[in-house]
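Next come the chains, spelled out residue by residue.
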Amino acid sequence: MIALVDYGAGNLTSVRKALGAVGARFWTPTHASEIDGATGVIVPGVGHFGVTAALDDSWRAAILEAMERSVPLLGICVGMQWLFEGSTEAPDVPGLGVVHGCCRRLEPRGAANVGRPPVPLKIPHVGWNSLTFSRPTRLFAGVPDGAQVYFTHSYAAPLVSATAARTTYGAPFCAALEDGLVSGVQFHLEKSGDVGLLILRNWLAQVRVADDVHAL
Amino acid sequence: MTSMLSKRIIACLDVRDGRVVKGINFEGLREAGDPAELARRYNVEGIDEIVILDVTATIEARQARAHTIAAVAREIFLPLCVGGGIRTEKDAVAAVEAGADKVSLNTAALRQPALITTLGNRYGSQAVVVAIDAKRQDGRFAVYARSGRAETPRDAIEWAREAADRGAGEILLTSIDRDGTKSGFDCALTAAVSSAVGIPVIASGGAGAFDHFADVFTDGRADAALAASIFHFNEHSVEALKNFLHGRGIPVRRPWHVAR
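The rules behind the values
Residues numbered from 1 in each chain as written. Chains lettered and ligands numbered in written order. Predicted model: local features only at pLDDT ≥ 70, side-chain atom pairs only at ≥ 80, totals over all residues. Heavy atoms only, no water. Helix = DSSP H or I, 4+ residues; strand = E, 2+ residues; numbered from the N terminus. Contact = heavy atoms within 4.5 Å. Areas by Shrake-Rupley, 256 points an atom, 1.4 Å probe, with all protein chains shown as cover. pLDDT = per-residue confidence, 0-100. Phe/Tyr/Trp six-rings, centres within 6.5 Å; stacked < 30°, edge-to-face > 60°. Buried < 20%, exposed > 50% of the residue type's maximum accessible area, 1.4 Å probe, protein only. Lys NZ or Arg CZ within 6 Å of the ring centre and 35° of its normal. Pairing = 2+ DSSP bridges. Right-handed = clockwise from strand over helix to strand, strands pointing away. Arc of directions from axis to C-beta. Buried area = accessible area lost by both parts, 1.4 Å probe. Salt bridge = Lys/Arg side-chain N within 4 Å of Asp/Glu carboxyl O. Polar contact = N/O pair within 3.5 Å; in protein donor to acceptor, adjacent residues only side chain to side chain.

Here's the deal with the overall build of chain B
When you go through chain B residue by residue, the secondary structure sums to 11 helices and 12 strands. Across chain B, contacts joining residues at least 24 apart in sequence account for 65% of those joining residues at least 6 apart. Counting only carbon and sulfur atoms, one obtains 46% of the accessible surface of chain B, whose full area is about 9400 Å².

Structural data, given as structure tokens:
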């Protein structure tokens, strides 16, 4: 059973809908201690990094403890950023720190403008942009290089060794990461059509493998 | 591979009494079908986003119907924006809880600009779209409220800037002059607003041919283009439009091209 962590960062309706569409069993824990029964953990998120402050020490400890039990973890959007050490969007709020690096604001440097002079990039980065894979990963099994997914964000994570896919908006950033059982996506897989659902299914396969191991 | 943000093609469902309708210059509505059914078709054709506008909501003081939102949200795993009749924070919350990812504020934002900030703080600015209905008037672009029926003293470019400053994540810009006429987007209006703000601008009103989209993405500097009747009545498919734009060197998402 997947713990979908609701810490008040926006609306979880579409994440719930996507999980339902791929046949995942999930619940929303009301207390951090409930995570000890989870076989997968999803940290969603939308909006400001500062809202992750609601993930206090009890949640952090519960999620870290789940990782020690080899429970797959997936961060989405701000939830992925939270896996890093922090973000300049809310410098006083620490991330979980399981991935090294800090998220920073996208820079509106000049962008190509379909045959016209470059114009400053719009921030936030809103819309469909393509993924370039750094290496084969479980998360993107069957997803073609160049597939487009839906982004909406103003801050982004740096390219790190765990980066599974990068996207370029002015400069390249970490669009997704996979490090063992830790995964994260900057884009909204729940809003990325069939490709998004495929990525979610791929992550779910890790949870099912973990379920089988736990059942032994 | 150098990636580039795609120009979005957005289908607008103007909904009244649970059915999709479409008028010309905001008048003379004709029926175009079931919202969920249209959304399903557009999704298959590769639409990038869906907007539901309850076109009569503001005037008749109705809320966008939660069941219409939920029915469309069930069909698609794409961004869904809802507007029309979002007058208060409570209306916005109802729309989001029914499945909207973004809410579009028009008359309410004009009446109470602080609502933009309130909703931006609650859901993040990516969830707040400010819709501006503009009309050419005495050499400027005047802003109209109440579905184009009430002139306001505001200037579209200045209002777009203010909306962005107050925390809007996108501007949905409709040319009243062009709406439903199929004579092309108002590229001058769109370029003026798009150049004035640092947030994405969705052009709306006047789509009638594939060339119109190419024009608004180049001359109009639009980040996205919205259309309704060109898609509803099976005149053109989203897929054919995107293939056309791709051929013109405009970056678009063609899911059938990579994923199938």
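From this point, the discussion proceeds with the structure in view.
Details of the confidence of the model for chain A
Fine structural detail should not be taken from predicted coordinates in areas where pLDDT scores are low. Per-residue confidence for chain A averages 92 on the pLDDT scale, and 92% of its residues sit at or above 70. Strand 15 (residues 182-185) of chain A holds the highest mean pLDDT among the elements of chain A, 98, whereas strand 7 (residues 110-113) of chain A holds the lowest, 59.

Notes on the packing of aromatic side chains
Taken as a whole, this structure holds 9 aromatic pairs over all chains when the rule is applied. A ring pair is formed by A:W128 and A:Y150, whose centres lie 5.8 Å apart and whose planes are at 65°; its orientation type is edge-to-face. On the criterion of sequence distance, the pair formed by A:W128 in strand 9 (residues 125-130) and A:Y150 in strand 11 (residues 148-153) is long-range, its members being 22 residues apart. Neither A:W128 nor A:Y150 differs from the other in exposure class; each is buried. Judged by centre distance (4.8 Å) and plane angle (35°), the ring pair of A:F133 and A:F140 falls under tilted. Across this residue pair, the class does not change: A:F133 and A:F140 are buried. Joined through ring pairs, the aromatic side chains of A:F133, A:F140, A:F151, A:F173 and A:F187 make up one cluster. Lying across the ring of B:Y144, B:K135 places its NZ or CZ 5.2 Å from the centre.

Some details on the pairing of strand 3 (residues 40-43) of chain A
All names here are of chain A. Both faces of strand 3 are covered, namely the face carrying G40 and I42 and the face carrying V41 and V43. With 3 bridges joining them, strand 1 (residues 2-4) and strand 3 adopt parallel strand pairing. Across the sheet, the residue bridging to L4 is I42, located in strand 3. Pairing between strand 3 and strand 4 (residues 73-76): 3 bridges, direction parallel. Along strand 4, the bridge assignment pairs I42 with L74. The parallel pair strand 3 and strand 4 is bridged by helix 2 (residues 57-68), and the resulting crossover is right-handed.

Thoughts on helix 1 (residues 13-21) of chain A
In an α-helix, one turn spans 3.6 residues; hence positions three or four apart end up facing the same way. Residue and element names in this part refer to chain A. When helix 1 is considered as a whole, its buried residues turn out to be S14, V15, A18 and L19. With its buried residues spanning 140° around the axis, helix 1 presents them on a single face. Directly beyond the C-terminal end of helix 1, a positive phi value near 80° is found at G23.

A closer look at helix 3 (residues 89-98) of chain B
Within the sequence span of helix 3 of chain B, burial applies to B:D91, B:A92, B:V93, B:A95, B:V96 and B:A98. In this structure, the buried side of helix 3 of chain B is in contact with helix 1 of chain A together with helix 2 (66-75), strand 5 (80-83), strand 6 (102-105) and helix 5 (114-123) of chain B. Remark: B:G99 follows helix 3 of chain B within two positions and exhibits a positive phi of approximately 130°.

Focus on the environment of B:R8
Residues and elements named next belong to chain B. Locating R8 in the fold gives a position in strand 1 (residues 8-16). Since its relative accessible area comes to 1%, R8 is described here as buried. Taking the C-alpha atoms as reference points, R8 and K242, 234 residues apart in sequence, are found 9.6 Å from one another.

Details of the interface of chain A and chain B
The partner chain B presents 45 residues to the 41 residues of chain A that form the contact. In total, chain A and chain B occlude about 3300 Å² of area from one another, counting both sides; carbon and sulfur atoms represent 57% of this. Connecting chain A to chain B are 2 salt bridges. Note that B:D101 is salt-bridged to A:K191, the shortest N-O span being 2.7 Å. For the pair chain A and chain B, the interface holds 15 residue pairs in polar contact (both at pLDDT 80 or more). Of all the secondary-structure elements, those providing two or more residues to the side of chain A that touches chain B are helix 1, strand 7, strand 8 (116-120), strand 9, strand 11, strand 13 (163-169) and helix 4 (193-215) of chain A.

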